[in-house]
Amino acid sequence: MLRTLNKKHQITENSEPPKPPPEILKTSAQSSSQKSRGIGTFEPKTIPRDIVDPKKTERRAEKVGINVSQPPPDYGRTVWITDATDGFRAARIIDLSATGFTLRLLDNTGDTVTRVFEDVLACEDDSRRHVEDNCQLMHLNEATLLNNIRLRYQNGKIYSYVANILISINPYQTIDGFYSLQKIKEYRGKSLGQKEPHIFAIADKSYREMIRHRKSQSIIVSGESGAGKTESQKAVLRYLCENWGSGAGEIQKRLLETNPILEAFGNAKTLRNNNSSRFGKFVQIHFADTGNVAGGYVSHYLLETSRICRQAAGERNYHIFYQLIAGSSPELFKFLALGQPNQFNYLKRGFIGFFTHPSSGTTSKIPKNRLSDPKFTQDSMVDDFSDFQRLEYALKLTGLSEQEIHFIWTTIAAILHLGNVEFEESLDDSRGGCKVFNGSEQDLIQAARLLGLETMELKMGLCARIMQTTKGGARGTLIRVPLKPHEACSGRDALSKAIYSKLFDWLVSRINDSIPFEKSTNFVGVLDVAGFEFYAKNSFEQFCINFCNEKLQNFFNQRILREEQELYEKEGLNVRKIEFIDNQDCIELFELKGNGLFDLLDEEAKFPTSNYKSFTKRAHEENRKHFRLDTPRKSKVKSHRELRDDEGLLIRHYAGSVCYETKHFVEKNDDLLHNSLQILIEQSTIRLLVSLFGSTAYPTKSKLKALSVGAKFKNQLSTLLIKLESTGTHFVRCIKPNNQMIPFEFDGSAILSQLQCAGMTSVLKLMQDGFPSRTGFGDLYACYQKKLPPKLSKLDPRMFCKCLFRALGLDQHDFQFGLTKVFFRAGKFAEFDQMMKQDPETMTSLIQKVNEWLVGARWKQSQYAVWSVIKLKNKIAWRSAQVTRLQSIARGYLTRQRFSRQIALYRKSVALLKNSKEIEKILFRLNEHSRAKYTSSAHSTIRDLEKLVSHIKLTTSANDHFEKAENAYEHYVKRVDSMIADLKKQQKSDELAEIERKRRESEEKERLEIEAKKEAERQREIKRKLEEQQQNAQKEHENYLISEIHKAAEETEKKRQNEEKEKLDKMVSNRLAEADGVALISSKMEIEPSSGSATFRDGKYDVGGCSFAYLRDTINTSMDINLLKACEEEFRRRLRIYNEWKSRNAPVQDRPPARAALSTVCEELSIMRSIATPSAPQIQRYFKCEFKENNQKGTCSWGSSIKCEDLDQVSMWFVHFSGQQIQRQLTFTSSRPPQTLIAGRDDAQMCTLALQETLLVGKRGAEISEDEFESHWKLGCLN
Ligand SMILES: Nc1ncnc2c1ncn2[C@@H]1O[C@H](COP(=O)(O)OP(=O)(O)O)[C@@H](O)[C@H]1O
Ligand SMILES: [Mg+2]
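- Looking at an unreviewed UniProt entry, one finds the protein chain named Myosin motor domain-containing protein, with Caenorhabditis elegans as its source organism.
- Per UniProt, the protein chain has the following entry under Sequence similarities (unreviewed entry): "Belongs to the TRAFAC class myosin-kinesin ATPase superfamily. Myosin family."
- Taken directly from UniProt, the Subcellular location (unreviewed entry) text for the protein chain runs: "Cytoplasm".

Notes on the sheet that holds strand S23 (residues 728-735)
So, point 1. As summarised here, the arrangement of the 7 strands in space is S6-S7-S23-S8-S19-S11-S12, forming an open sheet in which the pairing is mixed. Looking along the sheet, the strands with just one partner apiece sit at the ends: strand S6 (159-162) and strand S12 (293-301). Averaged over neighbouring strand pairs, the angle between their axes works out to 20° when direction is ignored.
So, point 2. Packed on one face of the sheet, helix H7 (residues 229-244) meets strand S7 (165-169), strand S8 (217-222), strand S11 (280-287), S12, strand S19 (522-528) and S23 and runs near 10° to S11.
So, point 3. Set on the sheet, helix H28 (residues 760-769) makes contact with S6, S7 and S23; between it and S6 the angle comes to about 60°.

Looking at the site of ligand 1
So, point 1. The immediate surroundings of ligand 1 are formed by 17 residues, with Asn170, Tyr179, Gly226, Lys229 and Thr230 found nearest.
So, point 2. Lys229 is positioned with one of its side-chain polar atoms (N or O) 2.8 Å from an oxygen atom of ligand 1.
So, point 3. Between ligand 1 and Asn275, the relevant distance is 3.3 Å, taken from an oxygen atom to a main-chain nitrogen or oxygen of the residue.
So, point 4. Across the complex, the protein chains shield 95% of the 550 Å² of accessible surface that ligand 1 would expose by itself.
So, point 5. Residues that form the shell around ligand 1 fall into these classes: 5 nonpolar, 9 polar and 3 charged.

Quick look at the sheet that holds strand S22 (residues 656-661)
Within a sheet, neighbouring strands are paired by backbone hydrogen bonds and run either parallel or antiparallel to one another.
So, point 1. As summarised here, the arrangement of the 3 strands in space is S20-S21-S22, forming an open sheet in which the pairing is antiparallel. The sheet is open, and its two borders are formed by strand S20 (629-630) and S22, each paired with just one other strand.
So, point 2. Where strand S21 (residues 648-653) and S22 come together, 6 bridges link them in antiparallel fashion. Counted as the bridge partner of Ile651 is Val658 from S22.

Let's talk about the packing of helix H29 (residues 777-785) against helix H31 (residues 797-808)
So, point 1. The geometry of H29 relative to H31 is characterised by a closest axis approach of 8 Å and an angle of 75° between their N-to-C directions. The pairing of H29 with H31 is recorded here as roughly perpendicular in orientation. For the pair formed by H29 and H31, the contact residues are Phe777, Gly778, Leu780, Tyr781 and Tyr784 on the first element and Pro797, Arg798, Phe800, Cys801, Leu804 and Phe805 on the second.
So, point 2. The class makeup of the residues in the contact of H29 with H31 is 9 nonpolar, 1 polar and 1 charged.

Here we look at the coordination of the magnesium ion (ligand 2)
So, point 1. For the magnesium ion (ligand 2), the full set of protein donor atoms is Thr230 (OG1) and Ser277 (OG), at a range of 2.0 to 2.1 Å. A residue pair is termed long-range when its members are at least 10 positions apart, and Thr230 in helix H7 and Ser277 in strand S10 (residues 276-277) qualify at 47 residues. Taken individually, Thr230 and Ser277 each receive the classification buried, so the pair is uniform in this respect.

Observations regarding the UniProt feature "binding site: ATP" (unreviewed entry) in the protein chain
So, point 1. If you check UniProt for "binding site: ATP" (unreviewed entry), the listed places come out as Gly223, Glu224, Ser225, Gly226, Ala227, Gly228, Lys229 and Thr230 in our numbering.
So, point 2. Excluding anything up to four places from it in sequence, Gly223 contacts Lys229, Gly531, Phe532 and Cys734.
So, point 3. Considering the arrangement of structural elements, one finds Ala227 in the loop between S8 and H7.
So, point 4. Overall, the relative accessible area of 0% leaves Ala227 in the buried class.
So, point 5. Contacts of Ala227, omitting those with residues within four sequence positions, involve Asn170, Cys734, Ile735 and Lys736.

What counts as what
- Residues numbered from 1 in each chain as written.
- Chains lettered and ligands numbered in written order.
- Predicted model: local features only at pLDDT ≥ 70, side-chain atom pairs only at ≥ 80, totals over all residues.
- Heavy atoms only, no water.
- UniProt positions renumbered as here; feature names shortened; annotations may be inferred.
- Pairing = 2+ DSSP bridges.
- Helix = DSSP H or I, 4+ residues; strand = E, 2+ residues; numbered from the N terminus.
- Axes fitted to C-alpha atoms, helices over the stretch in contact; angles between N-to-C directions.
- Contact = heavy atoms within 4.5 Å.
- Near = heavy atom within 4 Å.
- Polar contact = N/O pair within 3.5 Å; in protein donor to acceptor, adjacent residues only side chain to side chain.
- Areas by Shrake-Rupley, 256 points an atom, 1.4 Å probe, with all protein chains shown as cover.
- Nonpolar A, V, L, I, M, F, W, Y, C, P; charged D, E, K, R; others polar.
- Parallel < 35°, antiparallel > 145°, perpendicular 65-115°, else oblique.
- Donors = N, O, S within 2.8 Å, 3.2 Å for Na, K, Ca; no water.
- Buried < 20%, exposed > 50% of the residue type's maximum accessible area, 1.4 Å probe, protein only.

Printed below as a string of structure tokens:
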């Protein structure tokens, strides 16, 4: 019933389709005819009812505003479209279909493709121009960012900025002179932006900020494995040491030589990088208060120990193993009983080749008998032979003695031999124990020798385990339990891993001892941790690394996006809000107390029968429906789908979904050696080896109390983040251009995915609107304070800053004053830095400028003083005039005092005369008869009294005259009183008679009124009932609409979540397919290209598949009214969606200024708007517009000059814009009921103009408040 009511309502509305105000249409039509590609050209204004008349077709086309020969909107515009291989490709728009664009590729193929609107992005006017800072781009989107980076990279420029963040793309090739001493000199003291983007500029900035703010700084280098993090870190270290470390002598050299040591023991070849760091590090360079290097400190995190025993195919163990084989002297080689890599179990399962620098000639230096594979692999960074020589030098420089270095070689060789020890079942042992395999006895002997152990001791330690009795016998008795072959293998591997990682820890501590920093005031730290990792098979190592990356991404979001925006808000800067995807929920999934994955893993280890399946099961159960966690079945990679639910975790990281195989999680999380191996090491004759393990022969910490690997890592990370939070931060985002490590090869889609992961587009948007450089007024002032002449030193800091800025003539747009700080726009760092620079020359010149400006300002002040004096003079003149007036008033008063008696009598008599006028009034109220009786005596009394008054007025001051007058006055008082009394008496009797008459009359009237009231009551009741019925119907209709809106909102949210999931799942899997060739589950969704003509089904036309040109032509030429209507609806719908796309892709300059926009943004977005703008909040604006309707012609005219006779024709148009698009429109016309239209529901009937095309923004009084709009909207809805 309601629906029919509503329909009826619509039908009446449809009889006169709503039009946007003609004034708007006129301007849009004009402007569109001026512009060749304007959407307004296609605005269908009105559909004439006489459409079927063929003679009128031409006129119709004209009216509808469609020219048969006109192409679709923005025909020929170049745009970027998504592409699976290049990330984005350039194409030209050729058609507007139901769901997106049809485009022609701008390549040799010239193929035609289709894309949904979201996959088409605006392009820079000159797509071949590149900029140093991406914030200078006009159109800010992923495509323009990618294109800018691509253009630069193709021109050999690997660096660019996003404000203060450096983007670096690995060139995979040494660029001549790019990191030379000459370059270092060039960048020293230069502000960011003064020279080409470079890692040295970031290093210089961090150093100068440390000095300026007296605060430690961190440079966070992030990126995938092989993206160039470690190289960047090395460049920073070199820059700082070369510039400010020369005074530190040995320490500077040692700092620089830490890298060969750390790389030899912590780096390895992986599939993605020949020199991949398999540990995280935070290298701090400490500076003394002189600004010179004082020392350093290296913290390291999570060395990947599983690599020591096993490597994936194509990967290598740590470089040191190969370096030792390749570079050791023949004597050492013999002493260590080394051999070819393929003779060692710990090496032979991976890649067994050696590396050499191109044309270094080291290939001939390695004896042939040490090579498993005669072919060498060339790499610009890794050379096993010469790296060993460099390592030896570095170790000596670090202060290690010959014995200590020898200890390192023997330990490394011992690990290799230990790995060759194999086990077999011991048939003599009834308890199922094992013994060392005969073939590996020699390796056992060598391992024992090199570890300083007795061979038997080592054998026993490996084949059996010592346990402490808990029941029976004496409590605490140690018993030896034989191990099965696989248990002995695990023990052996655990021992090798423990020895290696302890050796690594010891090396780092020795490095730290060699670079002490007692006099440090602050440091610059460089963080280089393994980047986000994903392989076809991912295990606990990737789990930890990716957790670490989540934390760092969160820190980045916090620093760059959240804190930055909060600061703008706090300082009142009104910068447009930028949305970003928060990954806090993912971090919580890992580290939440109780049901976080790390805690569940630790808990699992406590069970005697702990196993990975129950851990995985619990992980899924405890985090059911968590957005970030799913079962492997949901992966896009085919092989992951084969895992069972209790064998894997699919985690949706900020950078994409990774599927982890949980098989070894529990044991990898527990790195404690079993007792017998601990005791075994204690027996070594090598004191250094024993000291590495500390005194743990009988460990007091039980397994339950000892920290797991995950827990230790979590704690280390928390400490690191606390440290980072207390420092100033600088970010370097490294990008890996291709998986094949080919120099200057740009793999667009992989790079795009890395840019997306790093959240660079959100940052780009924020930085373009925001103010990345800032300083407190106090700090800026403090820089200059010492140099200021006395007359300037009295200025307060804020005032001083204002003077400085005015004096420098800075553009108002480039900076803003907050409450406590002054902020600079991106790209204005050089100006900012010039001010902050403390070199005396700049400072003196700036102070001189301030001085000059102040002189000018003071001259203006003195002019103001003169003006003030003139103003004062005028004020004095005005006051003297007022005094004269006061005097005249006083004189008048005195005169009145002198004649007071006469005046009093005069006043009394005048009052009496006035009183006597009452006589006349009473006379007037009497009936005719009584009036005739009293008239003559009354008039004579008044006449006499008038004579008396004129007499008193003329009387002089003689006393007797005066008394007479007084007596006369008394007489007249009595006479008037008695007359009034008589008259009143008469009046009363007259009135009584009148009342009686009226009473009778009113009785009659009352009777008639009661009858009328009864009738009205009856009518009211009928009306109330009718209204109640109407209201109920209206309410039901509203409830229905609200429920529809809620439903739509829920669906949108669900859709958004699913899209987000789909996006994350696709991100990693697509790159895996590309890099490692894994098979994917196909889920391709293509949009339908526009087909031919309309189809007729179930009495309706389906025009969804028609091209835009077809729709346009049909509207112009068809005789079929139903087809015409269908085409028109579809035409309008497409234009609306297209306009939305266009406003989303508007260049930066076209957007409203931040302040104006924010003043119109309301805090809570209504449901309607949240549906319309699920991701980026649009600016909501409201307008009204009057128009005059001329029914005969069916056209309207607008304006304020509406005459009275036109009043019945006046109409009002209210409109709500979200961004550039109309969300709601309301029309009040005198002839029809109000009409409300909502976007998404009534698209076909709505105005399709974008806000800027309506010209409403510039129209005076057109913009109204939200409240005003809502009140009219409610009114419109009620009707
Ligand atoms: N700036 C650079 N110039 C030349 N080659 C580089 C540069 N950055 C990285 N590379 C090359 O890329 C390889 C991997 O870089 P690396 O810094 O080890 O990556 P990550 O630490 O991110 O895993 C290096 O071994 C080197 O060959
Ligand atoms: Mg690295």
